[in-house]
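# Examination of the molecular architecture
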Amino acid sequence: MMRLNASASEIMQKHNVHACTDITGFGLLGHGLEMAQGNTVRIEIFSTNVPCFEHVLNLVRKKTYTRAYLANTKFLEGSVTFGTAVPEELRHVLMEAETSGGLLFAVPESEAEGALAELHAGDCPEAAVVGQVSASSKAEIHVR
């Protein structure tokens, strides 16, 4: 809720966006799964690239979380896998509900760096490439 998504949306309309969602109640992984289900693809999330507020992992360690996190965990069961190097606190953050957590765009790999540069030059300094999409026989997410 630090800024509106209008600037990012305007910038990304210049690119060949295949899908977009705002990250709200289902968290990053829940909304990512919805995108995957709409296209029957595998999304690989690069957990260390996902921007987080400075103290969010400390809050999770103190068991500060929403009831929506518990519902999201059940919703994602069987569709999301985690690499062994992904810490439990970060797994939690990726499934936590957001009030206004930004936008997740799917763009061709060839456009990602240009789009990212434009977002950084705009008012989206935390914008990042947080994953990649590949063909799959079922909708799934893997977090590494």
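To start, this report covers the structure provided alongside it. (Residues numbered from 1 in each chain as written. Predicted model: local features only at pLDDT ≥ 70, side-chain atom pairs only at ≥ 80, totals over all residues. Heavy atoms only, no water.)

With the rule as written, the count across this model stands at three salt bridges. Across the pair Lys-14 and Glu-118 runs a salt bridge, and its minimum N-O distance is 3.5 Å. Highlighted residues: Lys-14 in the loop between helix H1 (6-12) and strand E1 (19-22) and Glu-118 in helix H6 (residues 109-121), separated in sequence by 104 residues. Assessed through its relative accessible area of 60%, Lys-14 is described here as exposed. With a closest N to O distance of 2.8 Å, Glu-44 and Arg-144 form a salt bridge. Separated by 100 residues along the polypeptide, Glu-44 in strand E2 (residues 41-45) and Arg-144 in the segment after strand E6 (140-143) bring together distant segments of the chain. (Salt bridge = Lys/Arg side-chain N within 4 Å of Asp/Glu carboxyl O. Helix = DSSP H or I, 4+ residues; strand = E, 2+ residues; numbered from the N terminus. Buried < 20%, exposed > 50% of the residue type's maximum accessible area, 1.4 Å probe, protein only.)

This part is about the nonpolar core. Among the nonpolar cores identified, the biggest contains 26 residues, and Leu-28, Leu-29, Ile-45, Leu-94, Ile-141 and Val-143 are the most heavily contacted of them. Counting residues per element, the ones that place at least two in this core are helix H2 (27-39), E2, helix H4 (67-76), helix H5 (88-95), strand E4 (103-106) and E6. Per-element accounting of this core gives the leading share, five residues, to H2. Discounting residues that sit within four places of it in the chain, Leu-94 has contacts with Gly-27, Leu-28, Leu-29, Ser-47, Val-50 and Val-143. Counting residues in hydrophobic clusters, the runner-up holds eight residues, among them Ala-8, Ala-115, Leu-116 and Leu-119. (Core = buried A, V, L, I, M, F, W, Y, C linked by side-chain atoms within 4.5 Å. Contact = heavy atoms within 4.5 Å.)

So far we have only geometry, and geometry alone does not tell us how the molecule works.
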